[in-house]
Amino acid sequence: MKPVFPNSATVTVNGRLVLRKAPPGRVVLKVRYGVLVHPVHGPVLIDTGYGPQVTAAPGRSLTLRLYSTVLRPMLVEDQAPQAVLARMGFTPADVRLVILTHLHADHVARLDEFPQARILTRRAVLAATLGRSRFANLHRGIFPELLPPGLMDRCTDIDSLPRVAAPLGLPDGSDLFGDGSVLAMDLPGHAEGHFGLCFPHLAPPLLYACDVQWRVQALEPGRAPGYPARAVAEDRAAWEVTTAQVAAFARAGGQVVLCHQPEDTPFDLPAVAR
Ligand SMILES: [Zn+2]
């Protein structure tokens, strides 16, 4: 079961914001989300990427408009979930499960397009987020207006699932489907409760390390970005430990894919032929 990681949008930033000692100039980051087709559960989304809910919806709050104006995400419409699902022969209603690795805007923007799906995430983090003030969430890069009502009722807590061994020196992970095919891996530091996904049965095993870093090169010692990237991390000490852990997995022969890495990966979705 090989996932694909389509690119929902691009965001262009100063390269030094995301990689220490980067050459001067700007870099075009991707904003991936994932789709896997499970033999029992059917199509499953891993986050949702950016959508017009962030960039264009008329009812957006002033703060979300400001966020979109500053970051200027350029949506890649032919890689949006609905388009990708259609290419795979599915409709949005076929998606019964959405895995949320964390609640940042670029991971949850299109949640309202999947009102029937169960949400696999950390229940305690979702509950804490929904119980927090708008300001406290904003401080964490979270826009509760992107979280549809009723999410708690649809939530399956990944922390309630059995923990099983993961490959290549990774700590144990939560077995999402009970078949060992996809493990939720704690990757603390970037955001509250942030986790990635390990696919132990792929050769070599894959770790979708989500937002541990924005660039693969930043996994190397001394290359993780400093301020302001450090300042926005939920837990800087944990972030450093997690970065080293993902780097060690890669050194041991594992494949690592990051949500935002500009480079193509073997799991990217090819552009539609025109
Ligand atoms: Zn994030």
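This text gives an overview of the structure that appears in the document. (Residues numbered from 1 in each chain as written. Predicted model: local features only at pLDDT ≥ 70, side-chain atom pairs only at ≥ 80, totals over all residues. Heavy atoms only, no water.)

Quick look at the coordination of the zinc ion
For a metal with four tetrahedral donors the ideal donor-metal-donor angle is 109.5 degrees, whereas six octahedral donors ideally subtend 90 or 180 degrees. Within the protein, the atoms that donate to the zinc ion are His 102 (NE2), His 104 (ND1), His 190 (NE2) and Asp 211 (OD), at distances of 2.1 to 2.3 Å. One can describe the site at the zinc ion as irregular: its four donor atoms subtend angles covering 91 to 172° at the metal. Along the chain, the residues donating to the zinc ion fall in the pattern H-x1-H-x85-H-x20-D. (Donors = N, O, S within 2.8 Å, 3.2 Å for Na, K, Ca; no water. Tetrahedral: all angles 85-135°; square planar, octahedral: opposite > 155°, others 65-115°.)

Details of the environment of Ala 57
On the secondary structure map, Ala 57 appears in the loop between helix 1 (52-55) and helix 2 (62-71). Overall, Ala 57 belongs to the partly exposed group, its relative accessible area being 25%. Between the C-alpha atom of Ala 57 and that of Thr 265, which follows or precedes it by 208 residues, the distance is 31 Å. Ignoring any residue separated from it by four or fewer positions in sequence, one finds Ala 57 in contact with Pro 52 and Arg 65. (Helix = DSSP H or I, 4+ residues; strand = E, 2+ residues; numbered from the N terminus. Buried < 20%, exposed > 50% of the residue type's maximum accessible area, 1.4 Å probe, protein only. Contact = heavy atoms within 4.5 Å.)

Some thoughts on the nonpolar core
The nonpolar side chains of soluble globular proteins are, as a tendency, buried together. One finds Val 54, Val 98, Leu 103 and Leu 111 to be the most contacted residues of the largest nonpolar core, which totals 41 residues. Residue assignment for this core shows that the elements contributing at least two residues are strand 1 (7-14), strand 2 (26-32), helix 2, helix 3 (81-87), helix 4 (105-108) and helix 5 (123-130). Setting aside anything within four residues of it in sequence, one finds Val 54 in contact with Arg 60, Leu 64, Tyr 67, Ser 68, Ala 105, Ala 109 and Leu 146. Leu 161, Leu 202, Val 257 and Cys 259 belong to the second-largest nonpolar core, a separate cluster that totals 23 residues. (Core = buried A, V, L, I, M, F, W, Y, C linked by side-chain atoms within 4.5 Å.)

Description of unusual backbone geometry
For the bond running from Ala 203 to Pro 204, omega is -10°, close enough to zero to count as cis. With respect to the element layout, Pro 204 can be found in the loop between strand 12 (195-199) and strand 13 (206-210). Phi at Leu 168 is positive, roughly 55°, even though this residue is not glycine. Its place among the elements puts Leu 168 in the loop between strand 9 (163-164) and strand 10 (173-175).

Section: the sheet that holds strand 5 (residues 74-75)
Pairing between sheet strands relies on hydrogen bonds along the backbone, with the strands arranged either parallel or antiparallel. On the basis of which strands lie adjacent, the open sheet formed by three strands has the order 2-1-5 and antiparallel pairing. Where the open sheet ends on each side, the last strands, each with one partner, are strand 2 and strand 5. Across two bridges, strand 1 lies against strand 5 in antiparallel orientation. Its bridge partner being in strand 5, Thr 10 is matched across the sheet by Met 74. (Pairing = 2+ DSSP bridges.)

A look at the packing of aromatic side chains
Under the criterion given, the structure shown has five aromatic pairs. Ring geometry for Phe 5 and Tyr 208: centres 4.2 Å apart, planes at 25°, overall stacked. Here the residue Phe 5 occupies a position in the segment before strand 1, and Tyr 208 occupies one in strand 13, the gap between them amounting to 203 residues. In this structure Phe 5 comes out as buried when scored by relative accessible area, which is 1%. The class for Tyr 208 is buried, based on a relative accessible area of 0%. (Phe/Tyr/Trp six-rings, centres within 6.5 Å; stacked < 30°, edge-to-face > 60°.)

Describing the sheet that holds strand 4 (residues 42-46)
What the five strands build is an open sheet, ordered 3-4-6-7-8; its pairing is mixed. In this open sheet, the two strands that pair with only one neighbour each are strand 3 (34-38) and strand 8 (155-157). Each strand axis lies, on average, 25° off the axis of its neighbour in the sheet, ignoring direction. Examined bridge by bridge, strand 7 (residues 118-121) and strand 8 share three bridges and lie parallel to one another. Residue pairing for strand 8: Leu 120 is matched across the bridge by Thr 156. (Axes fitted to C-alpha atoms, helices over the stretch in contact; angles between N-to-C directions.)

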